[in-house]
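Observations on chain architecture
The primary structure of each chain is shown beneath.
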Amino acid sequence: MLSGRLVLGLVSMAGRVCLCQGSAGSGAIGPVEAAIRTKLEEALSPEVLELRNESGGHAVPPGSETHFRVAVVSSRFEGLSPLQRHRLVHAALAEELGGPVHALAIQARTPAQWRENSQLDTSPPCLGGNKKTLGTP
């Protein structure tokens, strides 16, 4: 579980904003997180890119890069449905989603939508294990 300490970095990218929480709150950015960031920047030229490694809140070894939450704000999303927006993100991250990334929560918004609500959603706490360990058949 995350310690509750939020470590944020703010990087200016030619007028764009990037907010990041390093690997599971440690402040360090791992190779998977770096690849996700680079690929989304190249594919979508986002005005805002918030990436949070939520792996530390799940039943995975420390330092894992398996669970992420991302908010991407891009004019490329104008006129697209939420499903179409998610498909663009998935296409950019096909390699990561086919390998090390187990879960990716996506908030894909237009700049106007982000101005109305710039909050990054939070994930529910991980229950850990599987349904059998939770007493569900």
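Residues numbered from 1 in each chain as written. Predicted model: local features only at pLDDT ≥ 70, side-chain atom pairs only at ≥ 80, totals over all residues. Heavy atoms only, no water.

In the nomenclature of UniProt, the protein chain is known as BolA-like protein 1 of Homo sapiens. On record in UniProt, under Subunit (literature references left out), the comment for the protein chain is "Interacts with GLRX5." Under the heading Sequence similarities, UniProt records this for the protein chain: "Belongs to the BolA/IbaG family." (UniProt positions renumbered as here; feature names shortened; annotations may be inferred.)

Side chains that differ in charge, positive against negative, can pair when their charged atoms come close. For the structure shown, the criterion picks out four salt bridges. One salt bridge connects glutamate 54 with arginine 69, and the closest N-O pair in it is separated by 3.4 Å. Placement of glutamate 54 in the loop between strand E3 (48-53) and strand E4 (67-73) and of arginine 69 in strand E4 is noted, with a sequence separation of 15 residues between them. For the pair formed by glutamate 54 and arginine 69, the shared burial category is buried. One network of salt bridges, with partners in common, ties together Lys39, Glu95 and Glu96. (Salt bridge = Lys/Arg side-chain N within 4 Å of Asp/Glu carboxyl O. Helix = DSSP H or I, 4+ residues; strand = E, 2+ residues; numbered from the N terminus. Buried < 20%, exposed > 50% of the residue type's maximum accessible area, 1.4 Å probe, protein only.)

Before going further, it helps to examine the environment of glutamate 96. Positionally, glutamate 96 belongs in helix H3 (residues 94-97). A sequence separation of 64 residues divides glutamate 96 from valine 32, and the C-alpha atoms of the two residues are 7.3 Å apart. If near-sequence neighbours (up to four positions away) are discounted, glutamate 96 is found in contact with Val32, Ala35, Ile36, Lys39 and Val101. (Contact = heavy atoms within 4.5 Å.)

Before going further, it helps to spend a moment on helix H2 (residues 82-92). Among all positions of H2, only Arg85, Val89 and Ala92 are buried. Taken down its axis, H2 places every buried residue within 65° of arc, on the same side. Pointing more than 90 degrees away from the buried face of H2 are the exposed residues Arg87 and Ala91. (Arc of directions from axis to C-beta.)

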